[in-house]
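Architecture and fold: a report
So you can see what is in the structure, the chains are spelled out below.
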Amino acid sequence: MLENIRESSQGLTAKIILGFIILTFAVAGIGSYNNSVDTSVADVNGEKISQDEFNKAYQAQRNRMAQQFGDMFETLSADPGYMKNFRDGVVDSLINQKLVDQNSDSLAIRVADQRIKSTIRNMPEFQIDGVFDNNRYLAMINQAGFFQSSDFRDYLRTEMTRRQLTQALVASEFSLPYQEDIYTALQNQQRDIRFATIDAEQFKATVELTDDEVNDYYLANQTRFENQEQVKVNYITLDVNDIAKTIVLTDADIEAYYQSNISQYRDEEQRRVAHILIEFGDDEASAKTRAEALLAKINAGEDFATLAKENSDDTFSGENGGDLDWIDAGVMDTAFDEAAFALAEIGSVSDVVKTDFGFHIIKLTDYKAEKVQSLADVRESLIAKAKNEKAQDKFFELQQEIARLSFEFPDSLDDAAGVINTEVKTSDWLTRGNNSAPFNVGAVLDAAFSDLVVNEQLNSDIVEVSDNLAIVMRLNEYQEASVKPLAEVSPQIKDILIAQKASEKAQTVADELLVAFKAGTDITEQLTEIGATMEVKASVSRVGSGLDASLAREAFKLPRPSEGNVSATTVNLSNGNLALLEVQAVNDGEVTASANLSQQLTQQLAQAAYLSYIESLKADADIVRKEITAPTSQY
């Protein structure tokens, strides 16, 4: 196919058409072809939220949910109603962010460039051995989709601006002691209850179903009976670890690598020093005289630590006898650094040293000599590291070669496999949900289910699974999503409908009993007829009562019973049964102290304040929501 395209594109007519297209783009601009179609998902005060923004947020949220809930989320994602709510939630979140950004802008909230720079340099993700590494920084932001460092800085500036506004809002919240007392009293409250459980199972025998009901349920809920779209692929992988195993290093190579990276195996000389600082103040000459007088006392034998505590203007170190802990060369002010590292013996003291901070007297209190690990000591780890670096270089070379061969020979993986001396493997059946590595990465699944692989049946583009692994795939077998036949799922549907109808009958019985019970009728006989009896539970707590969670929750929703007013309701239990519940008495709880309660209440108040803030922004905003086009990638 590709050969035919190449041959056809060489003709005069094709060249004229291609030239016309290029000229049109050059004159009109590529944007003119797209700007005529509005694909935004919402408009907030005139600012659009694009489909691309929605797609990124949607996939990020799906990935978080899939990672957190696994197969449960995969089951939920098959429900169109659930996924509509899911997409609406993503749009709501984007609208909230846009409102916060607009409000931040109107309030002129800004984050300085220097703060952005400092934040980036202090992020541990971008550090090696505690020091910022620019190469690591660029590699990690590229992997995250920021191909220009300015893009990441802009993203970080936006996030920090949002946080600056919202944190200022929530940090102003606090709880008062009386609120804590009310909260603990409610938490410690107990209730005396009685309840009768109505077993829905007994009503199943009376349920009658028609074929039409089964068929109607099947037609209305086909997504519940769907076989997911699946694909099986042939694939080859390029792995840095496999490449490293093939690399051979000579003794000369090892020695050369050791020498060129000697700084990694050297512990620099360190000094532990103490100092006395006399600041200039308004009279530099007087400060120098004070410093020289203190030096004379030290040379005369007076205790350095005592003099530091009594006289040093660096009060923090002064309280510790002037101790500055361990320092490396080049960290302190140049004059201070030179004087400190000129001290040869532990206990020796410098002359008076002038820096921008004032006059210093420096004492060497401990010393660590430079230590270099020998090649013999680090040989094994060094060899592994050197092989890995060479393998990384080879990895990028082979990636390009595999990409070229899989494109030039799109109907087979054999040529690309031959270059890296590997076998073509075949995956298990893959779905858009959870799969084993390396098919648990979104980009890999996108490629596996792409039109290029599934419909055109060509090799995929090379996909970087991670910094150390790349993969190319082609179709082995494909199964479209399909609805299971009615005959196959009919027993399942009947079970569902029978359970529903039995529950409805149980609800009807429970409602009738509740009306009679509230009217003061003795319902003991009716309960006996359906195999139920009243069970009494005294001093039931909100948590840890041992009751069904729904029953305990409803027990604390009901009002206090009063004379002539029965406090009762029906409850749907988690096992499908129903219960008739009455609260007989409310026992007030004690006020107790809790170390973390103030913080917990403050967090709840802060969350409520933030939601109120968002709602107030929405009330004054012009928001237009549009039809959402769900991303085609459903992993």
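In this report, we go over the structure that sits alongside the text. Residue positions are given per chain, counting from 1 as you read along its sequence in written order. A pLDDT threshold of at least 70 governs which residues receive local features in this predicted model, and a stricter bar of 80 or more applies before side-chain atom pairs are shown or counted, although totals over entire chains, interfaces and linings include all residues. With hydrogens and water stripped out, all remaining heavy atoms of the structure feed into the side-chain values.

A word on the overall build of the protein
Helix and strand definitions here come from DSSP, where helices need a minimum of 4 consecutive H or I residues and strands a minimum of 2 consecutive E residues; each element is numbered from the N-terminal end. Looking only at helices and strands, the protein features 25 helices and 21 strands. Here the globule rule is a power law, 2.2 Å times the number of residues to the power 0.38, and the radius of gyration is based on C-alpha atoms. A compact globule built from 635 residues should have a C-alpha radius of gyration of about 26 Å, whereas the protein, at 37 Å, is more than 25% larger. If you line up the protein on its principal axes, its C-alpha atoms span 105 × 90 × 55 Å. Each residue's exposure class comes from its accessible area (1.4 Å probe, protein chains only) as a fraction of the maximum for that residue type: buried when under 20%, exposed when over 50%, partly exposed otherwise. When each of the 635 residues of the protein is scored for burial, the buried share is 35%. Contacts: residue pairs with any heavy atoms within 4.5 Å of one another. For the protein, contacts bridging at least 24 residues in sequence account for 73% of all contacts bridging at least 6. Roughly 37,600 Å² of accessible area belongs to the protein as shown, and the carbon and sulfur atoms make up 49% of that amount. A 1.4 Å probe and the Shrake-Rupley method give the accessible areas. Residues count as covered only by the protein chains that appear here.

Re helix 25 (residues 597-619)
Take the residue count of a helix, subtract one, and multiply by 1.5 Å to get its expected span. The end-to-end C-alpha separation of helix 25 is 33 Å, in line with the 33 Å expected for 23 residues at 1.5 Å each. Taken residue by residue, helix 25 has Leu 597, Leu 601, Thr 602, Ala 606, Ala 609, Tyr 613, Ile 614 and Leu 617 as its buried positions. On its buried face, helix 25 sits against helix 6 (80-106), helix 9 (149-170) and helix 10 (177-187).

Looking at the sheet that holds strand 11 (residues 353-355)
Sheets are built from strands paired through backbone hydrogen bonds, the pairs being either parallel or antiparallel. In this scheme, strands are said to pair when DSSP sees at least two bridges between them. Pairing is antiparallel across the open sheet formed by 4 strands, whose spatial order is 10-9-12-11. The outermost strands of the open sheet, each flanked by one partner alone, are strand 10 (323-328) and strand 11. Here the average twist between neighbouring strands, direction ignored, is 45°. Sheet analysis places strand 11 next to strand 12 (residues 358-368), joined by 3 bridges and oriented antiparallel. To get an axis, a line is fitted to the C-alpha atoms, and for a helix only the part in contact is used. The angle between two axes follows their N-to-C directions and goes from 0 to 180 degrees.

A look at the nonpolar core
Buried together is how nonpolar side chains tend to be arranged in soluble globular proteins. The set of buried Ala, Val, Leu, Ile, Met, Phe, Trp, Tyr and Cys residues whose side-chain atoms join them within 4.5 Å is what this entry labels a nonpolar core. Counting residues in each nonpolar core, the largest one holds 28 residues, and the members touching the most others are Leu 238, Ile 243, Tyr 258, Leu 382 and Ile 402. Considering every element that reaches this core, the biggest residue donor is helix 18 (residues 375-408), with 10 residues. The contact partners of Tyr 258, leaving out residues within four places of it in the chain, are Tyr 265, Val 372, Gln 373, Ser 374, Leu 375, Val 378 and Leu 382. In terms of nonpolar packing, the next biggest core, distinct from the first, is built from 24 residues, Phe 73, Val 90, Leu 99 and Leu 165 among them.

Things to note about unusual backbone geometry
Here Ala 437 and Pro 438 are connected by a cis peptide whose omega angle stands at 0°. Mapped onto the fold, Pro 438 is located in the loop between strand 14 (425-426) and helix 20 (442-448). With a phi angle near 50°, Asn 45 is a residue other than glycine that sits in the positive phi range. Tracing the sequence through the fold places Asn 45 in the loop between strand 1 (42-44) and strand 2 (47-49). Positive phi is not limited to glycine here, since Gln 457 has a value of about 55°. On the basis of relative accessibility, which here comes to 44%, the residue Gln 457 falls in the partly exposed class.

A look at helix 17 (residues 334-342)
Looking only at helix 17, the buried set comprises Phe 336, Asp 337, Ala 339, Ala 340 and Phe 341. Buried residues belonging to helix 17 abut strand 9 (270-278), strand 10, strand 11 and strand 12.

Honestly, that's just the spatial picture; any functional story needs more than this.
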